[in-house]
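Listed below are the residues making up each chain.
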Amino acid sequence: MATERIIIDQLTDADNEAILDLSHRCPQDGVIGGYPDRSPEFRRIHQQISKKSYHMVARKGESLIGAFGAIYSNLQYKDENFDAAYLMDLKVDPDHQRSTVAYRLVKETVNNLIVLDTKLAIATFLKNNQFSLIFTKSRAGIPDAKYLGDFRIFSIVPIFRKKISKKFTINHPTEEDIPELVNLYNTFYSKYKLAPRMTDELFRYYVNEIDGMDLGQIWVARQDGKIKAAVCAWDEDHYKRWFVSRMSRMMKFLSFSLRALGLLLKMPAPICENKAFKHIALVLSAHDDCIDGMKDLLRSINNFYRGKEYTILQTHFHSEDPVNAATNGLIGFTVHAEIHVFTKDKEVARQIAEDEGFVHFEWPMFI
């Protein structure tokens, strides 16, 4: 019997169940092994962010055996604004991980980036993930990647109530605060060598159209009436939750402790194998040279979510960014991911890599 050919093409709406099933067959390893479950609609959030977003898939007969995607969002370097691609969701069925499927997916994804005239693309890979890092070495027909440092993904476990300083008034913004917030974001972003930019239209789209990202989920720290820091506590469960297939010994101990202490105290929901857990993504963060304001915001959010159905509150900051100090004193665990930039113009990639300063990515990078 002839061997079925493997075909590479684009994901369609008709593939929704197949791509969800592929995700389930491709768990990621780590302190919590599992996969992001985007049911019931795998690519709903990607299309909401940008209609250009897409996934290339590998088909063998009626089955999907691989996928690799790109989601588009704005990034600015110096005075140039890029409609940048975030490369994501590299998945290959375990039975085909030693084949050429991954290379073919990457090659076709790169070809599509060229067709769309994509001038800048970003990829993050879990630290020391050799399977993924091979694609930063000019293989499979992709250009050289430049390393931009690491992201620190810190997952806060809201166990204890934390003390809040009396320097700031913590509350939620109103419609009247939107111009001030947009200005805060752009002032904050401009201090990074590579970061997005905010507009009134984009901000209103986020809070009006993205489920779970309304003004009531944005927390602000005010001092003398001025907004000094902001962060959005976004419930990603509308689009994605983490399904746990395996837990490290440390995480099993933590989960047991949460269940035991939960009989007496307010505790976050424990993590259980073979179940999904809910989490809050702490996104759209910004401060006006006010890390103390960010610290009070994170502590206020920690206190608010104690004892609720969410297990972790997750931040994403460049590992060397001083804002990481805002998480001091909070209980949690850290995962590091490497950041790599690919550009159509190799000189631009070199300039970005050699430029001093950090990068700051927003939530579309991590969805």
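Residues numbered from 1 in each chain as written. Predicted model: local features only at pLDDT ≥ 70, side-chain atom pairs only at ≥ 80, totals over all residues. Heavy atoms only, no water.

K.L.:
Which residues make up the packing of aromatic side chains, and what values do they have?
P.N.:
All told, the structure shown has 14 aromatic pairs when counted by the stated rule. Taken together, a centroid distance of 5.5 Å and an interplanar angle of 70 degrees make the contact between W219 and F304 edge-to-face. Linking W219 in strand β10 (residues 218-223) with F304 in helix α8 (residues 291-305), this pair joins segments that are 85 residues apart in sequence. Here the basic side chain of R38 rests over the ring of F42, its NZ or CZ set 4.8 Å away from the ring centre. Between the NZ or CZ atom of K308 and the centre of the ring of F304, over which it lies, the distance is 4.3 Å. (Phe/Tyr/Trp six-rings, centres within 6.5 Å; stacked < 30°, edge-to-face > 60°. Helix = DSSP H or I, 4+ residues; strand = E, 2+ residues; numbered from the N terminus. Lys NZ or Arg CZ within 6 Å of the ring centre and 35° of its normal.)

K.L.:
Summarise the pairing of strand β7 (residues 146-156); cite the residues concerned and give the values.
P.N.:
Of all the 11 residues making up β7, nine are buried; the element is thus mostly covered by neighbouring parts of the structure. Strand direction decides the pairing type here: β7 and strand β15 (residues 332-343), joined by nine bridges, are antiparallel. Its bridge partner lying in β15, F151 is registered against A337. Relative to strand β14 (residues 310-318), β7 runs antiparallel, the two sharing six bridges. Bridging across to β14, I153 finds its partner in H316. (Buried < 20%, exposed > 50% of the residue type's maximum accessible area, 1.4 Å probe, protein only. Pairing = 2+ DSSP bridges.)

K.L.:
I'd like a rundown of the packing of helix α5 (residues 178-189) against helix α6 (residues 200-209), residues and numbers included.
P.N.:
Contact geometry for α5 and α6: axes closest at 10 Å, N-to-C directions at 110 degrees. Overall, the two elements α5 and α6 adopt an arrangement that is roughly perpendicular. Within the contact between the two elements, α5 uses I178, L181, V182 and Y185 and α6 uses D200, F203 and R204. (Axes fitted to C-alpha atoms, helices over the stretch in contact; angles between N-to-C directions. Parallel < 35°, antiparallel > 145°, perpendicular 65-115°, else oblique. Contact = heavy atoms within 4.5 Å.)

K.L.:
Explain the environment of N186 to me, using residue names and the numbers behind them.
P.N.:
Relative to the helices and strands, N186 resides in helix α5. N186 sits in the partly exposed class, given a relative accessible area of 21%. Measuring from C-alpha to C-alpha, the distance between N186 and P196 comes to 8.2 Å, with 10 residues separating the pair along the chain. Not counting residues within four places of it along the chain, the set of residues in contact with N186 comprises R197 and M198.

K.L.:
An account of helix α1 (residues 16-25) is needed here, citing residue identities and associated values.
P.N.:
Along α1, the positions that sit buried rather than exposed are N16, I19, L20, L22 and S23. Down the axis of α1, the smallest arc covering the buried residues is 155 degrees, so these residues share one side. Contacts from the buried residues of α1 go to β2 (32-37), β3 (54-60), β4 (63-77) and β5 (80-92). (Arc of directions from axis to C-beta.)

K.L.:
Describe in detail the pattern of salt bridges, supporting the description with residues and values.
P.N.:
Note on pairing: side chains with opposite charge can pair once their charged atoms come close. As enumerated under the stated definition, the model contains 23 salt bridges in all. For the salt bridge of D13 with R43, the shortest nitrogen-to-oxygen distance reads 2.8 Å. Separated by 30 residues along the polypeptide, D13 in the loop between β1 (6-10) and α1 and R43 in the loop between β2 and α2 (44-49) bring together distant segments of the chain. A salt bridge links D288 to K226; its shortest N-O distance comes to 3.1 Å. Note that D288 is positioned in the loop between β13 (275-287) and α8 and K226 in strand β11 (residues 226-235), a separation of 62 residues in sequence. One salt-bridge network, in which partners are shared between bridges, spans D9, D15 and R59. (Salt bridge = Lys/Arg side-chain N within 4 Å of Asp/Glu carboxyl O.)

K.L.:
Can you tell me about the nonpolar core, naming the residues and giving the values?
P.N.:
Residues I122, L194, F203, W234, L284 and F361 are the most contacted members of the largest nonpolar core, which totals 50 residues. With seven residues, the top contributor of residues to this core is α5. (Core = buried A, V, L, I, M, F, W, Y, C linked by side-chain atoms within 4.5 Å.)

K.L.:
Go over unusual backbone geometry, please, and point to the residues and values.
P.N.:
Put simply, S39 and P40 share a cis peptide bond, and its omega is 5 degrees. Here P40 is to be found in the loop between β2 and α2. Phi angles above zero are rare outside glycine, and D89 is one such case at about 60 degrees. Residue placement: D89 occurs in strand β5. Even without being glycine, D117 reaches a positive phi, approximately 55 degrees. For D117, the location among the structural elements is in the loop between α3 (101-115) and β6 (120-126).

K.L.:
Tell me about the environment of I280, and name the residues and values.
P.N.:
Turning to its location among the elements, I280 is positioned in strand β13. Exposure remark for I280: the relative accessible area of 0% places this residue in the buried category. Between the C-alpha atom of I280 and that of W234, which follows or precedes it by 46 residues, the distance is 5.4 Å.

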